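# Structural description and commentary
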Amino acid sequence: MNPYILAILLLSLGLGTTITLTSSHWLFAWMGLEINTLAILPLMAQQHHPRAVEATIKYFLTQATGAATLLFASTTNAWLTGQWDILQMSHPFSITLAILALSLKIGLAPLHTWLPEVLQGLDLTTGLILSTWQKLAPFALLLQIQPTNPLILVMLGITSTLVGGWGGLNQTQLRKILAYSSTAHLGWMILILQFSPSLALLTLVMYLIMTSSTFLVFKLNKSTNINMLATSWAKAPALTTLTPLILLSLGGLPPLTGFMPKWLILQELTKQELAPIATLAALTALLSLYFYLRLTYAMTLTMSPNNITGTTPWRLSSLQLTLLLATLTMATISLLPLTPAITMLFTP
């Protein structure tokens, strides 16, 4: 792609998210979401591959549906209460509709079915943008909506953690596994959103760090399915040693970074006298952990069925930049001891 066009698209992507993050009026927020969607479509379709074009069309249709529903919800709220302000949304019908529209946009279960299919059709770089940056604007709006009935967010959260764990069990494609992983992590965020917004924000930041490092590892190894992970030892031995720790951090095992948000969320849910919900969420985390362990096993304990010449690729120096990957990997593995300092940063 022409670098000027790429720069314009990336700037538009940033502009759309910034407009939504800074707006207090529903129409401005909607406009930011639309700019965001339109900016990423050419990036998704740049491969000119039937799968990429199909993924782009699916993404466009789901995002357009979500945006139209959100516009309908905000217009209905303005009609019933006379308020366009995001924080002043007070009618139960409008709130429920807006939450469902934003859930569709970020891929929460049961409105998640587009996400694995879309992510599977994209290359890993665009998939990374879709799994991280594209979640920011809708999540910012979800943070600002105060639902009258807390049940809807708890149900969406539990369904997402359950479906995110269950859906990933049977997959062999890494991008689909990461899509289900995304749904499960977003479920944890939505679960705690109304009880502790600052904790939901902390979980989002940790999710962004861990997902980015996972995508960058797969991009460096050029891996798209589980079988291709087996050849990664010959390509990057040091990285292959650290990757299981990244995957187990995504699964939420101590003493890795991913344990921090899950631990704090379970603690907060117990304080809110929702011990059964906390227990169910902890059990669904085990489902996710299983498929991360599968990836770990495939990467470190299996040998690829190669011939002699294919076992060690030529030691050409990689042209990919690895500074970002190194930084994110360290953050993914070693932030747990800093939990008190990090929670201080996120408490208002």
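Under an unreviewed UniProt entry, the name given to the protein chain is NADH-ubiquinone oxidoreductase chain 2, and the organism recorded is Epinephelus lanceolatus. In its Function (unreviewed entry) section, the UniProt record describing the protein chain reads: "Core subunit of the mitochondrial membrane respiratory chain NADH dehydrogenase (Complex I) which catalyzes electron transfer from NADH through the respiratory chain, using ubiquinone as an electron acceptor. Essential for the catalytic activity and assembly of complex I." The UniProt entry for the protein chain carries the following text under Subcellular location (unreviewed entry): "Mitochondrion inner membrane".

When two helices pack together, their arrangement is given by the angle between the helix axes and by the axis-to-axis distance. For the pair helix 13 (residues 237-251) and helix 16 (residues 323-334), interaxial distance at closest approach is 9 Å and the crossing angle is 50 degrees. With respect to helix 16, the axis of helix 13 lies oblique. Between helix 13 and helix 16 lies a crossing of left-handed hand. Counting all contacts with helix 13, which are made through L239, L242, L245, I246 and S249, the residues of helix 16 involved are L325, T329, T332 and I333.

Along the polypeptide, A238 turns up in helix 13. Along the primary structure A238 and P276 are separated by 38 residues, whereas in three dimensions their C-alpha atoms are 42 Å apart.

In this section: the UniProt feature "domain: NADH:quinone oxidoreductase/Mrp antiporter transmembrane" (unreviewed entry) in the protein chain. The positions UniProt marks with the feature "domain: NADH:quinone oxidoreductase/Mrp antiporter transmembrane" (unreviewed entry) are residues 23-287. Split by type, residues 23-287 is 77% helix and 0% strand. Its first and last C-alpha atoms lie 38 Å apart.

Attention now goes to the side chain of T203. With respect to the element layout, T203 can be found in helix 10 (residues 197-221). Contact partners of T203, with chain neighbours within four places excluded, come to M189, P261 and I265.

A word on unusual backbone geometry. Following A109, the chain continues to P110 via a peptide bond in cis, the omega torsion being 5 degrees. Among the secondary structure elements, P110 is positioned in the loop between helix 4 (92-106) and helix 5 (114-120). With omega at 5 degrees, the peptide bond leading from P254 into P255 counts as cis. Along the chain, P255 turns up in the loop between helix 13 and helix 14 (259-271). In the Ramachandran plot, H48 falls in the positive-phi region, its phi being about 55 degrees despite a non-glycine side chain. Along the chain, H48 turns up in the loop between helix 2 (26-45) and helix 3 (50-81).

Moving on, we come to the packing of aromatic side chains. Enumeration according to the criterion identifies 4 aromatic pairs in this entry. Centroid distance F72 to F93: 6.5 Å. Interplanar angle 90 degrees. Geometry classified as edge-to-face. Residue F72 is located in helix 3, and its partner F93 is located in helix 4; the two are separated by 21 residues in the primary sequence. Measuring from centroid to centroid gives 4.9 Å for F291 and Y292, while their planes differ by 55 degrees, and the two rings are tilted. Grouping residues by exposure puts F291 and Y292 together as buried.

On the surface, L38, V53, I57, F60 and L61 cluster together into a nonpolar patch covering about 450 Å² of accessible area. Sorting elements by how many residues they give to the nonpolar patch places helix 3 first, with 4 residues. Positionally, L38 belongs in helix 2.

The rules behind each value
- Residues numbered from 1 in each chain as written.
- Predicted model: local features only at pLDDT ≥ 70, side-chain atom pairs only at ≥ 80, totals over all residues.
- Heavy atoms only, no water.
- UniProt positions renumbered as here; feature names shortened; annotations may be inferred.
- Axes fitted to C-alpha atoms, helices over the stretch in contact; angles between N-to-C directions.
- Helix = DSSP H or I, 4+ residues; strand = E, 2+ residues; numbered from the N terminus.
- Parallel < 35°, antiparallel > 145°, perpendicular 65-115°, else oblique.
- Left-handed = near helix turned anticlockwise from the far one by under 90°.
- Contact = heavy atoms within 4.5 Å.
- Phe/Tyr/Trp six-rings, centres within 6.5 Å; stacked < 30°, edge-to-face > 60°.
- Buried < 20%, exposed > 50% of the residue type's maximum accessible area, 1.4 Å probe, protein only.
- Patch = residues over 30% accessible without salt bridge, like charges linked within 9 Å, V, L, I, M, F, W, Y side chains within 5 Å.
- Areas by Shrake-Rupley, 256 points an atom, 1.4 Å probe, with all protein chains shown as cover.
- Salt bridge = Lys/Arg side-chain N within 4 Å of Asp/Glu carboxyl O.

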